[in-house]
Amino acid sequence: MHFQSFWLCLGLLFTSINAEFMDDGVEMEDFDENSEEADVNEGELSSEIKYKTPQPIGEVYFTETFDSGRLAGWVLSKAKKDDTDSEISIYDGRWEIEELKENRVPGDRGLVLKSRAKHHAIAAVLAKPFIFADKPLIVQYEVNFQDGIDCGGAYIKLLADTDGLNLENFYDKTSYTIMFGPDKCGEDYKLHFIFRHKHPKTGVFEEKHAKPPDVDLKKFFTDRKTHLYTLVMNPDDTFEVLIDQIVVNRGSLLEDVVPAINPPKEIEDPNDKKPDEWDERAKIPDPSAVKPEDWDESEPAQIEDLSVVKPDGCPRKIPNPDYFEDDHPFLLTSFRALGLELWSMTSDIYFDNFIICSEKETADRWAADGWGVKIMVANANEPGIFKQLMAAAEERPWLWFVYLVTAGLPIVLIASFCWPRKVKKKYEDSEYKKTDVCKPQTKGALEQEVKEKKAALEKPVDLEEEKKQSDGETLETPEKEEEGEPEEKSEEEIEIIEGQEEGNKSNKSGSEDEMKEADESTGSGDGPVKSVRKRRVRKE
């Protein structure tokens, strides 16, 4: 029972330090022998891991790995933000192509945001525009907050296919169709999925925000690992959001976005106004009201009058002139460019392996060849349990107390479980030695033993006495006189007793106190020696 408690506490310890790791069971496909390969021998790798630049399969609209080391096809913005001081309105944040700081995969590079407290904007044109029709939309890319994140985002924008699209003028107000990705402000961790829906009557675009994921997103911002973000939009007007190939949010474009796609059928009449005699008091007393004869004081003082109705002309609603019903919101505005327009208080945000496609198998293979290799390397370089415990304690100092309690608990349990048994066993062993080895034989016991032997020798005498009785001889038995008197012993008996007493005294394992204790326990050494009644034959 003690040890069950110990293992229970140990299990709780590992739970409290967040020993939870994401599923990394990404199936790695065989690589082409003709592809570029690089050996990865970093940290504690136990086996050789080979990397090649991912190659898309099937139809794709956009891919980018940055493994070439060049920003081919990417355009840096030269625009300025509106409504911002001129000193900070310029998109002058720096971008670089680099390997990861930790868990490097030789040959694998990514796009890195390098500047703090600056605006960054960069974009690239798709191979062909994506048109929302009868195929799903899959958008996928990797992010690593290598230095954590204080305040800033790592989301992307899919820029609308408009005639005036110019990537050099890309800024915060550039028209986009979808915005997707992680963002942090203060202690608010978000994973955006926003799309701009066009009003079919007015032509005005309105942002629709998907409900937030029902998971804790903090660890994806703080663990300094590479995470895979995936958005799936289906022609049946459903969507899924995944992190590391695990669904964290799903829903309907019609029901799970705010504000709703379709406006209300009725709205309040903007021309409605209060009558001139309107009393601003919410309730007024009725001067003509009297208690009825059957008034019951135990009943509520006020109840709702279900028969009351609003007077004609009281605040009213009218049909919504802008009402429409869009049963298929998946049909959004097509887009033809991908852009990152970001501001961050933390540098070294890593982006890699962008892909836009319509087939899940294409996205999964792309993830296995890129993100999957990163995860294998990171897992191989994962520190041992001791280092993990120390690292966890550095972030959460209160864990030192948990460690102390957990380390001391086995000692307390072992002591409480084993110590009483040892003391008891020692006591039992000493008792055994005292009673069975060192206990002396008492004087009374020796006398009794001599009597028994003597009685055995006197059996023939008794037979002779019985024979004499049959012949008329009489026996004299002065029992009353001899009762209570010690029996006279022969010289032979006395010598036997004295020899045995001397042997007991010479016994080194016993002491006088022990002999006294033994005599008291038997009760035969202190009292007077009872005599054995014997028959004496009077000879005439």
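Since we're looking at a predicted model, the values are computed, not measured.

Caption draft 1: Just the overall build of the protein chain, in detail. A tally of regular secondary structure across the protein chain gives 11 helices and 21 strands. In the protein chain, which comprises 540 residues, the share counted as buried stands at 34%. Expressed as a percentage of contacts within the protein chain between residues at least 6 apart in sequence, the contacts between residues at least 24 apart total 75%. When the accessible area of the protein chain is evaluated, it comes to approximately 34500 Å², of which 51% is carbon and sulfur surface.

Caption draft 2: Molecular detail of the side chain of Arg196. For Arg196, the location among the structural elements is in strand β12 (residues 188–198). The charged side chain of Arg196 is buried without a salt bridge, its nearest counter-charge being Glu207 at 5.0 Å. A polar atom in the side chain of Arg196 sits 3.2 Å from the backbone oxygen of Tyr176.

Caption draft 3: Up close: the packing of aromatic side chains. Scanning the entire structure with this criterion turns up 17 aromatic pairs. Here Phe66 and Phe354 contribute two aromatic rings whose centre-to-centre distance is 6.1 Å and whose plane-to-plane angle is 75°, an arrangement assigned as edge-to-face. Taken together, the residues span a long stretch of sequence, with Phe66 in the loop between β3 (60–64) and β4 (74–76) and Phe354 in strand β21 (residues 349–357) at a distance of 288 residues. We classify Phe66 as buried; its relative accessible area is 0%. Note on Trp74 and Phe354: the rings are 6.2 Å apart at their centroids and 50° apart in plane angle, and the pair reads as tilted. Here Trp74, found in strand β4, pairs with Phe354, found in strand β21; they are 280 residues apart in sequence, far enough to count as distant. With relative accessibility at 1%, the residue Phe354 sits in the buried group.

Caption draft 4: Focus on the environment of Phe354. Considered as a pair, Phe354 and Gln140 are 214 residues apart in the sequence and their alpha carbons are 5.8 Å apart. If sequence neighbours within four positions are ignored, Phe354 has contacts with Phe62, Thr63, Glu64, Phe66, Gln140, Tyr141, Ile156, Leu338, Leu340 and Trp366.

Caption draft 5: Representation of unusual backbone geometry. Omega for the peptide link from Val258 to Pro259 comes to -10°, which places this bond in the cis form. If you trace the backbone, Pro259 turns up in the loop between β17 (257–258) and β18 (266–268). Of note, the phi angle at Asp348 is positive, near 60°, even though the residue is not glycine. Assignment of secondary structure puts Asp348 in the loop between β20 (335–344) and β21.

Caption draft 6: Highlighting the nonpolar core. If you look at the biggest cluster of nonpolar residues, it comprises 64 residues, and the most contacted ones within it are Ile178, Leu338, Leu340, Phe351 and Ile356. Setting aside anything within four residues of it in sequence, one finds Ile356 in contact with Val60, Tyr61, Phe62, Leu126, Leu137, Ile138, Val139, Leu158, Phe335 and Leu338. Formed by seven residues, the second largest nonpolar core is a distinct cluster that contains Ile138, Val232, Ile355 and Trp366.

Caption draft 7: Structural view of the pairing of strand β10 (residues 156–160). The element β10 is extensively covered by neighbouring structure, given that five of its five residues are classed as buried. Across four bridges, the pairing between β10 and β20 is antiparallel. Looking at the pairing, Leu158 lines up with Leu338 of β20.

Caption draft 8: Fine view of the environment of Val248. Inspection of the secondary structure puts Val248 in strand β16 (residues 246–252). The spatial distance from the C-alpha of Val248 to the C-alpha of Val215 is 6.6 Å, given a sequence separation of 33 residues. With residues near it in sequence (within four places) discarded, Val248 still touches Leu191, Pro213, Asp214, Val215, Val241, Leu242 and Ile243.

Caption draft 9: Main features of the pairing of strand β8 (residues 137–145). Counted residue by residue, β8 has nine buried out of nine residues, so it is predominantly covered. Burial along β8 is two-sided: the face carrying Leu137, Val139, Tyr141, Val143 and Phe145 and the face carrying Ile138, Gln140, Glu142 and Asn144 are both buried. Bridge analysis of β8 against strand β14 (residues 227–233) gives seven bridges, and the strand direction is antiparallel. By the bridge assignment, Ile138 is partnered in β14 with Val232. Here β8 pairs with β21 via seven bridges, running antiparallel. In the sheet register, Ile138 faces β21, and the bridge partner there is Cys357.

Caption draft 10: Expanded view of the environment of Asp286. Mapped onto the fold, Asp286 is located in the loop between β18 and β19 (317–319). The partly exposed category is assigned to Asp286, whose relative accessible area is 49%. A polar atom in the side chain of Asp286 sits 2.8 Å from the side chain of Ser288.

Caption draft 11: Representation of the pattern of salt bridges. Per the stated rule, a full pass over the model turns up 28 salt bridges. Across the pair Lys190 and Asp188 runs a salt bridge whose closest N-O atoms are separated by 3.7 Å. What makes Lys190 partly exposed here is its relative accessible area of 36%. A network of salt bridges, in which partner residues are shared, links Lys81, Lys157, Asp172, Lys173 and Glu341.

Caption draft 12: A look at a negative patch on the surface. Taken together, the side chains of Glu293, Asp294, Asp296 and Glu299 define an acidic patch exposed on the protein surface. Of note, Glu293 is situated in the loop between β18 and β19. Judged by its relative accessible area of 86%, Glu293 is exposed.

Caption draft 13: Representation of the packing of helix α3 (residues 360–369) against helix α4 (residues 371–380) in the model. Here α3 crosses α4 at 35°, and the two axes come no closer than 3 Å. Between α3 and α4, the contacting residues are Ala367, Ala368 and Asp369 on the first element and Trp371, Gly372 and Val373 on the second. Tallied by class, residues from the contact of α3 with α4 come to four nonpolar, one polar and one charged.

Caption draft 14: Structural context of the confidence of the model for the protein chain. For the protein chain, per-residue confidence averages 78 on the pLDDT scale, and residues scoring 70 or more make up 69% of the total. Long-range and interchain partners of residues 17–47, a stretch whose pLDDT sits below 50, account for 67 contacts in this model, where long-range means more than four residues apart. In this model residues 473–486 is a low-confidence stretch, pLDDT under 50, and it forms 14 contacts with partners more than four residues away in sequence or in other chains.

Caption draft 15: Broad picture of the side chain of Asp269. Mapped onto the fold, Asp269 is located in the loop between β18 and β19. Note on Asp269: relative accessible area 11%, which makes it buried. Discounting chain neighbours no more than four positions away, the residues touching Asp269 are Arg316, Lys317 and Ile318.

Definitions and limits used
- Residues numbered from 1 in each chain as written.
- Predicted model: local features only at pLDDT ≥ 70, side-chain atom pairs only at ≥ 80, totals over all residues.
- Heavy atoms only, no water.
- Helix = DSSP H or I, 4+ residues; strand = E, 2+ residues; numbered from the N terminus.
- Buried < 20%, exposed > 50% of the residue type's maximum accessible area, 1.4 Å probe, protein only.
- Contact = heavy atoms within 4.5 Å.
- Areas by Shrake-Rupley, 256 points an atom, 1.4 Å probe, with all protein chains shown as cover.
- Lys, Arg positive; Asp, Glu negative; His and termini not counted.
- Salt bridge = Lys/Arg side-chain N within 4 Å of Asp/Glu carboxyl O.
- Polar contact = N/O pair within 3.5 Å; in protein donor to acceptor, adjacent residues only side chain to side chain.
- Phe/Tyr/Trp six-rings, centres within 6.5 Å; stacked < 30°, edge-to-face > 60°.
- Core = buried A, V, L, I, M, F, W, Y, C linked by side-chain atoms within 4.5 Å.
- Pairing = 2+ DSSP bridges.
- Patch = residues over 30% accessible without salt bridge, like charges linked within 9 Å, V, L, I, M, F, W, Y side chains within 5 Å.
- Charge placed at Lys NZ, Arg CZ, Asp CG, Glu CD.
- Axes fitted to C-alpha atoms, helices over the stretch in contact; angles between N-to-C directions.
- Nonpolar A, V, L, I, M, F, W, Y, C, P; charged D, E, K, R; others polar.
- pLDDT = per-residue confidence, 0-100.

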